[in-house]
Amino acid sequence: MDRFASLCILDVPLTAAFRAEPELRSRAVSIVDGPTIVSGWLRGLTVAQAEAVRSDLVIRPFSLEGVNSAQAALIDVATSITPRVEASETGTVFLDLAGTDAIFPSERGLLAALQKRLTEVRLEGVRMGIGATCTIAWLAARWQHGGKIVSAHEQRRFLDPLPLDLLDPPEEIFDLLTRWGIRTLGEVRRIPTASLSSRLGEQAIWLARRARGQDLRPFQAQTPQRRFEEGSEPGFPVGDLEQLAFFLRGVIDRLARRLRLRGMAVRELWLELRLENGQNFARTVNLGAPTTEGPVLVSLVRLALEKDPPPERVERIRVIAIPGSVE
């Protein structure tokens, strides 16, 4: 019997911010893109409106580097369990569990292993689910904290009471179905397919298939990545080497954690800095031997920058690790 697991981050920009600054997890944090809050607390409001509501609000800028790094770390966690991994969209990863029972005899034990590895790469609050299809596993992950396992005999009982909006249907279809009094997946499932097709078109048919727990296409395993990179966007130009080393320390620590999870070490580091004037500043740091010791890596990068510092203040940091085998 096919079994799939899903890892799901409900708010990727906020999770990326917490990954970069773990001390923020107990705070009310909003992520802004321009004047508007796009993630976290009070999304949709402007910063001024939100701060009038909560004076203790912590504001952080949206970081595409941080989002990409969080997604890469999520894929690393999945790949550490099985090479058959599919990343369908940012914040969602699927695992084909075929063959994993040799290492994880129970699905509950597999979820515990995933949780431990998520913590190791500083990903907190990731939802997990297991089911007979990717769709069921994804719904299970979104619906319940702590990891939901949907067995074959309880699929209908699990799916039917779930709210319709859990499938993220197109707004116009969702509005029409709710006006008809249809609010759960079970109610969608009971509508004849021909009726849905004639009234709402092809998108409604896809929605009905997903409401039954069916996948819209076959699982497509992707080639495991061999490129490891982490980035940071401080939100202000960094001109002091001490400040730059502070941000580099966090980036390199997160990078080293991901390589350790994959059983690899850093053989060479490529440093890419985007400067305030829009130009790029790149340096290569060669290591005498592969390592995942963060303090060693930071010291080597700092020495390289002391010898040849960037000519302008830095707006974006990206560190790429060339992996080597752990002896």
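Residues numbered from 1 in each chain as written. Predicted model: local features only at pLDDT ≥ 70, side-chain atom pairs only at ≥ 80, totals over all residues. Heavy atoms only, no water.

K.L.:
Quick question: what am I supposed to make of the sheet that holds strand 6 (residues 92–96) here?
P.N.:
Sheet strands line up and pair through hydrogen bonds in the backbone, either parallel or antiparallel. The strand order 5-6-1-7-8 describes an open sheet built from five strands, whose pairing is mixed. The strands lining the two open edges of the sheet, one partner per strand, are strand 5 (85–89) and strand 8 (148–149). Where strand 1 (residues 4–8) meets strand 6, five bridges bridge the pair, whose relative direction is antiparallel. Residue pairing across strands places Ala-5 opposite Leu-95, the latter belonging to strand 6. Relative to strand 6, helix 3 (residues 64–79) is tilted by about 10 degrees, and along the sheet it contacts strand 1, strand 5 and strand 6. Across the sheet, helix 5 (residues 134–143) lies against strand 1, strand 6, strand 7 (127–131) and strand 8, angled at about 145 degrees from strand 7, the strand it touches most. (Pairing = 2+ DSSP bridges. Helix = DSSP H or I, 4+ residues; strand = E, 2+ residues; numbered from the N terminus. Contact = heavy atoms within 4.5 Å. Axes fitted to C-alpha atoms, helices over the stretch in contact; angles between N-to-C directions.)

K.L.:
I would appreciate a short explanation of the state of the cysteines in the present structure.
P.N.:
In a disulfide, the sulfur atoms of two cysteines are held together by a covalent bond. Summed over the entire model, instances satisfying the criterion amount to zero disulfides. Cysteine Cys-8 is unpaired, with the sulfur of Cys-134 as its nearest cysteine sulfur at 13 Å. Of the residues examined, Cys-8 reaches a relative accessible area of 3% and is grouped as buried. You can call Cys-134 buried: its relative accessible area is 8%. (Disulfide = S-S within 2.5 Å. Buried < 20%, exposed > 50% of the residue type's maximum accessible area, 1.4 Å probe, protein only.)

K.L.:
Can you help me understand helix 3 in this one?
P.N.:
Spacing of three or four residues puts side chains on the same side of an α-helix, whose turn is 3.6 residues. Helix length check: helix 3, at 16 residues, gives a terminal C-alpha distance of 23 Å against a target of 22 Å (1.5 Å per residue), a fit within 8%. For helix 3, a buried count of 14 out of 16 residues is recorded, marking the element as mostly surrounded by other parts of the structure. (Expected span 1.5 Å × (residues − 1).)

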